[in-house]
Amino acid sequence: MPALDGMRVLDMTQYEAGTSCTQLLAWLGADVVKIESPRGDPGRGVVAAAGLPQYFLNYNSNKRGIVIDLASEEGRDLLLRMAPKFDVFVENYGPGVIEKLNLTYDVMKKANPSIIYARLKGFGLSGPYSGFPSYDWVAQASAGTFSVTGRAGDPPTRPGPTIGDSGTGAQLALSITAAYVQKQRTGEGQFIEISMQEAVTLFMRTLGLRTWGEAPQERTGNARGPGTDVYPCKGGGENDYLFVMIVTTAQWDAFCMTIGMPELISDPRFETQRGRFEHGAEFFDIVKEWTLQRTKHEAMKELGSAGVPCSATLDTYELFTDPHLSERGMVEELDHPELGTVKVMRMPALLSGSDVPMEVAPTLGQHTREVLCELDFSEDELEGLFDRGVLG
């Protein structure tokens, strides 16, 4: 049985931060009904190659989709009539939008006193920045990730992964699940607020530990101490590199043995951690000579098998072709009614007692009639709403 079987979610999210939250709930078995305007989630317009809306597909699998024109009084009233049949309401619209629609927590709570009402905002609902708009990289800059990314002396650098969006979404999904468990005990809902800036700040807890709360962490590029760095490999491509992370003495010894230079273990230059710092450039050249004789996958296999933490630096295409990820089924192929076969990533966590097959993201308004019929709206009423453009 799906872990969240029985949870019903009204999903009024767009782009990535909110949609990644509700997607996690859907992957765990919740019935997530995505509400879109007649124009659709703007995430549908973030297009990849050949017109394929891969961005939307990546964040909306396992949901049902309906279209309601909430700008109309009829559409707003319709949503409030739906609210009592759902456990959770989630939104991540820009500052002031929900207030303009008059769909605040107080309003929704009157329609459903036990609703769990969740809001995701760039800077939260209070404080001097609360009215500012935000996206993933804005949230990351405000949470410090730019300041620690890049090489010393270079400008702050934007990290690639969208931890501001999906990282916040994951934390909100956990919070909603906790509130839902609490609701099973008490019968009461609650209000949940999460700030993207604060959610990303949580990922900064490992940085700057030596000067925690006293001074900023410096940018150090890929190097993080002796032996921990990115080394070029055979092939010469822009991602033909191996990342090695040596933390313990046992890993250092295993590393030196594996690259065929056991004498480095007792070499006066590298015997101590301080010595390795002082002679870091010399050590890098020694390692580089070894890695350049091997592909990144060959080097990873040799060192990883010896107990040395390392990885080939996979590019975004290799995520779809890597033999390890492929064997574990991280990427699934699904049939889309308009696009044919599409590729999407599954939920990373594997639950032995929760079987939720992957389903492709909905087309615009695909489930409007289906969902509202389940909620006992009459066919005559639905036809009128469709005719007047309230539904789509």
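Criteria and cut-off values
- Residues numbered from 1 in each chain as written.
- Predicted model: local features only at pLDDT ≥ 70, side-chain atom pairs only at ≥ 80, totals over all residues.
- Heavy atoms only, no water.
- Buried < 20%, exposed > 50% of the residue type's maximum accessible area, 1.4 Å probe, protein only.
- Helix = DSSP H or I, 4+ residues; strand = E, 2+ residues; numbered from the N terminus.
- Arc of directions from axis to C-beta.
- Contact = heavy atoms within 4.5 Å.
- Patch = residues over 30% accessible without salt bridge, like charges linked within 9 Å, V, L, I, M, F, W, Y side chains within 5 Å.
- Areas by Shrake-Rupley, 256 points an atom, 1.4 Å probe, with all protein chains shown as cover.
- Salt bridge = Lys/Arg side-chain N within 4 Å of Asp/Glu carboxyl O.
- Pairing = 2+ DSSP bridges.
- Axes fitted to C-alpha atoms, helices over the stretch in contact; angles between N-to-C directions.

Asks: Even after reading the chapter, I still don't get helix H6 (residues 136-143), so can you show me in this structure?
Replies: Side chains three or four residues apart in an α-helix point the same way, a direct result of the helix having 3.6 residues per turn. The set of residues buried in H6 consists of Asp136, Ala139, Gln140 and Ala143. Down the axis of H6, the smallest arc covering the buried residues is 100°, so these residues share one side. Against helix H7 (163-186) and helix H8 (196-201) lie the buried residues of H6. Taken from the residues just after H6, Gly144 is the one with a positive phi, measuring 100°.

Asks: Would you mind going over a nonpolar patch on the surface with me for this structure?
Replies: Where nonpolar side chains cluster on the molecular surface, the patch consists of Leu319, Phe320 and Met345 and spans about 220 Å² of accessible area. Assignment of secondary structure puts Leu319 in the loop between strand S9 (310-312) and helix H13 (323-327). Given a relative accessible area of 31%, Leu319 falls into the partly exposed group.

Asks: Sorry if this is basic, but what is going on with the sheet that holds strand S8 (residues 241-244) here?
Replies: What links the strands of a sheet is backbone hydrogen bonding, and the strands pair in either a parallel or an antiparallel sense. In spatial order, the strands read S7-S8-S9; together these three strands make up an open sheet with antiparallel pairing. Both outer strands of the open sheet, strand S7 (229-232) and S9, are each paired with one neighbouring strand and no more. Averaged over neighbouring strand pairs, the angle between their axes works out to 25° when direction is ignored. Relative to S9, S8 runs antiparallel, the two being bridged by three bridges. The residue bridging Val244 from the neighbouring strand is Cys310, located in S9. Contacts from helix H11 (residues 280-291) reach S7 and S8 within the one sheet, and its direction differs from that of S7 by about 45°.

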